[in-house]
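Fold and contact review
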Amino acid sequence: MLRLFLFFIALLPILNASADESVRVVTTTNSLGMLVNEIAQPLVEQRQLELKVLASPGRDVHYLDARPSFMAAVRRADLLIDTGAGLEEGWLPAITANAANPDINSGQPGRLSLATSLQLRPSITTTGPHAGHVHRHGNPHFNIDPLRMAKAARLVARRLGHFFPDQKALLIKRSYHLEQELKQTAEYLSEQLVPGQRFIAYHEDVDYLEAWLPVQNIGYLEPLPGLPPTSKHLRELVEKHQQQESARVLYARFNPDQGARFLNERLGWPTYAVPLEPETPDWNGYKELLQAWANAFEQKS
């Protein structure tokens, strides 16, 4: 019995070493988690890569709490992938500063802020009547655009290749296939819509729909970024658009619906509460998300 006990004690370092060999990747959102899962699927299945997503899909990523579970995940992470451009600035810096993990600091191989390497749409929060402080580096909501997500896939594959040099060619190949899936799906959904449709958004989070669907944004429910719609601003929107053609009113599911209902009652414009993140961090979840956005607009018969 003692001999058997000593055998298992001797085996423990081997088991722990095997577990420690997995690369721990943390992403802030399910959209970014999808990129990791699809590009590195063989590594995930072989338990060489462990993925953790911080934000629940139904939450506003601007305003999350710095939870202890987030801190624990980032402390153990080999690679932290975030959106960047200020999207997570309300909570992520506090987590990384206290995680005691220098490997995931900005500028290290263990940190990938995707927005810094993508061409973002200009943000309405920097100039003009909607100027504020929310998105001074550009509009960070590129996950709404499958074409920019295709470019992000290449960045993720290259960074994963740093941790899996023997698998780098495979990772890049899988990112290429994912890129083609994203572009083809975007093209298909775009072709299903009646072109020239217009919409009013709650926040600039869905502005990227203009990048791949034949639609146009004509206004915002927020009078200023981060401020809920005021009666004065809503009345101004009604007065401005009451003689114009109908449009859709889009808002994220976590936003209040009073402003959208106000326009619906005064202008008769249909309203749609849309998700901003896939329910699951995989291709099926993201594809359903793209379909949900397209479904907010009129389809060709």
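For the structure, check the block above.
For clarity, every value in this text was computed on a predicted model and none was experimentally measured. (Residues numbered from 1 in each chain as written. Predicted model: local features only at pLDDT ≥ 70, side-chain atom pairs only at ≥ 80, totals over all residues. Heavy atoms only, no water.)

Overview of the sheet that holds strand E8 (residues 271-274)
The parallel open sheet is built from four strands, whose spatial order is E6-E5-E7-E8. Every interior strand has two partners, whereas the edge strands, strand E6 (215-220) and E8, have only one. Direction aside, neighbouring strands of the sheet carry axes that sit 30° apart on average. Here helix H9 (residues 258-267) sits on the sheet and contacts strand E5 (197-201), strand E7 (248-252) and E8; the angle it forms with E7, its principal contact strand, is near 170°. (Pairing = 2+ DSSP bridges. Helix = DSSP H or I, 4+ residues; strand = E, 2+ residues; numbered from the N terminus. Axes fitted to C-alpha atoms, helices over the stretch in contact; angles between N-to-C directions. Contact = heavy atoms within 4.5 Å.)

Here we look at the nonpolar core
In this structure, Leu35, Leu114, Phe142 and Leu209 are the most contacted members of the largest nonpolar core, which totals 57 residues. Broken down by element, this core gets its largest block of residues, eight residues, from helix H6 (residues 146-163). Look past the residues within four positions of leucine 114 in its chain and what remains in contact with it is Leu32, Leu35, Ile81, Asp82, Thr83, Phe142, Ala152, Leu155 and Val156. (Core = buried A, V, L, I, M, F, W, Y, C linked by side-chain atoms within 4.5 Å. Buried < 20%, exposed > 50% of the residue type's maximum accessible area, 1.4 Å probe, protein only.)

Considering the pairing of strand E1 (residues 23-27)
In terms of burial, E1 is a largely internal element, five of the five residues being buried. Judged by which residues are buried, E1 turns out to be covered on both faces: Val23, Val25 and Thr27 on one side and Arg24 and Val26 on the other are all buried. Looking at chain direction, E1 and strand E3 (residues 79-82) are connected through three bridges and run parallel. From the neighbouring strand, valine 25 faces E3, where its bridge partner is leucine 79.

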